[in-house]
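Each chain, letter by letter, is given below.
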Amino acid sequence: MTGKNRENYNKNYVAYVNSFAPKTHHFKNCLRAFLVGGFICCIGQFLRFILEIAFHLSGDELAGTVSVLLIFLGTLLTGLGVYDRIGRNAGAGSIVPITGFANSVCSPAIEFKTEGWIYGTAAKMFVVAGPIIVFGVLAGTAVGLIYLLLP
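Procedures and definitions
- Residues numbered from 1 in each chain as written.
- Predicted model: local features only at pLDDT ≥ 70, side-chain atom pairs only at ≥ 80, totals over all residues.
- Heavy atoms only, no water.
- Helix = DSSP H or I, 4+ residues; strand = E, 2+ residues; numbered from the N terminus.
- Rg over C-alpha atoms; globule rule 2.2 N^0.38 Å.
- Buried < 20%, exposed > 50% of the residue type's maximum accessible area, 1.4 Å probe, protein only.
- Contact = heavy atoms within 4.5 Å.
- Areas by Shrake-Rupley, 256 points an atom, 1.4 Å probe, with all protein chains shown as cover.
- Lys, Arg positive; Asp, Glu negative; His and termini not counted.
- Charge placed at Lys NZ, Arg CZ, Asp CG, Glu CD.
- Axes fitted to C-alpha atoms, helices over the stretch in contact; angles between N-to-C directions.
- Parallel < 35°, antiparallel > 145°, perpendicular 65-115°, else oblique.
- Left-handed = near helix turned anticlockwise from the far one by under 90°.
- Phe/Tyr/Trp six-rings, centres within 6.5 Å; stacked < 30°, edge-to-face > 60°.
- Nonpolar A, V, L, I, M, F, W, Y, C, P; charged D, E, K, R; others polar.

Some details on the overall build of the protein chain
Within the protein chain, the secondary structure is distributed over eight helices and zero strands. Listing the helices and strands of the protein chain from first to last along the sequence gives α-α-α-α-α-α-α-α. The C-alpha atoms of the protein chain give 22 Å as radius of gyration, which overshoots the globular expectation for 151 residues (15 Å, by more than 25%). In terms of overall dimensions, the protein chain has C-alpha extents of about 75 × 45 × 40 Å along its principal axes. Residues classed as buried in the protein chain amount to 19% of the 151 residues present. Taking contacts inside the protein chain between residues at least 6 apart in sequence as the whole, the part at least 24 apart equals 50%. A total accessible area of about 11400 Å² is found for the protein chain, and carbon and sulfur atoms account for 71% of it. Of the charged side chains in the protein chain, 11 are positive and 7 negative, and the gap between their average positions amounts to 19 Å.

The following block contains the structure:
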C-alpha cells in the first residue's frame, strides 16, 4: 500500500469509527459538572454556617468538622447507591470535591466485601484512591525537603 492509499484508508477508517461513536455534548456536560460540583460546595458552605452559629466553631476546628461531615455524606450516599447515580449524570462535578474522594475509597470496599474483611474490603479499599494518597504523600515530602534544603 502506498503512502497516499494508506492515508485515504486511515481517513476512511476514522470516519467509519466516528460514525458509530456517540455524540458528546461538551457544553451540557460542563454545565452539569459545574452545577453539581457547585451544589456540593454550597452544601459544605451551609454546614459551615450552621456549625459556626450553632456550635461556635472557628478556624481549623470548623474546617475539619465540615470536611468530616462531607466525607461522611459522600460515604453514606455511596453506600446507599445514590452517589453513583449522581456521578453518572454529573461527571467530574461529583469527583472533584472531597465527597468524590470518599466515594473512590468506599466503592471498592463495598464491591469487594464478599472476598472477606482482609483480602476484600481492607486490601481493595485503596485500589482507586491509593495511588492518589501515595503521590500526595511523596509530593508533599519532596516539596518539604526542597523548602528544607533551600536557604
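There is more to say after this.
As for the packing of helix 3 (residues 59-79) against helix 6 (residues 98-111)
Running from N to C, helix 3 and helix 6 point in directions that differ by 40°, and their axes come no closer than 8 Å. As the angle between them shows, helix 3 and helix 6 are arranged oblique. Relative to helix 6, the crossing made by helix 3 is right-handed. Counting all contacts with helix 3, which are made through Ser 67, Leu 70, Ile 71, Gly 74, Thr 75, Thr 78 and Gly 79, the residues of helix 6 involved are Ile 98, Thr 99, Ala 102, Asn 103, Cys 106, Ser 107 and Ile 110.

Some details on the side chain of Ser 94
Along the chain, the position of Ser 94 falls in helix 5 (residues 92-95). Apart from the residues within four sequence positions on either side, Ser 94 is in contact with Val 36, Ile 40, Tyr 83, Ile 86, Gly 87, Thr 99 and Gly 100.

Considering unusual backbone geometry
Phi at His 56 takes a positive value of approximately 55°, unusual for a residue other than glycine. Tracing the backbone through its elements, the reader meets His 56 in the loop between helix 2 (26-55) and helix 3.

Remarks on the packing of aromatic side chains
Taken as a whole and judged by the stated rule, the model has one aromatic pair. Aromatic side chains Tyr 16 and Phe 20 sit 5.0 Å apart centroid to centroid with 80° between the ring planes, which places their arrangement in the edge-to-face category. One end of the pair, Tyr 16, and the other, Phe 20, are both in helix 1 (residues 3-20), four residues apart, so they sit about a helical turn from each other.

Points about the packing of helix 2 against helix 4 (residues 82-90)
Packing of helix 2 against helix 4 leaves a shortest axis separation of 8 Å and a crossing angle of 140°. Taken together, the axes of helix 2 and helix 4 lie oblique to each other. Within the contact between the two elements, helix 2 uses Arg 32, Ala 33, Val 36 and Ile 40 and helix 4 uses Tyr 83, Ile 86, Asn 89 and Ala 90. Taken together, the residues that form the contact of helix 2 with helix 4 break down as six nonpolar, one polar and one charged.

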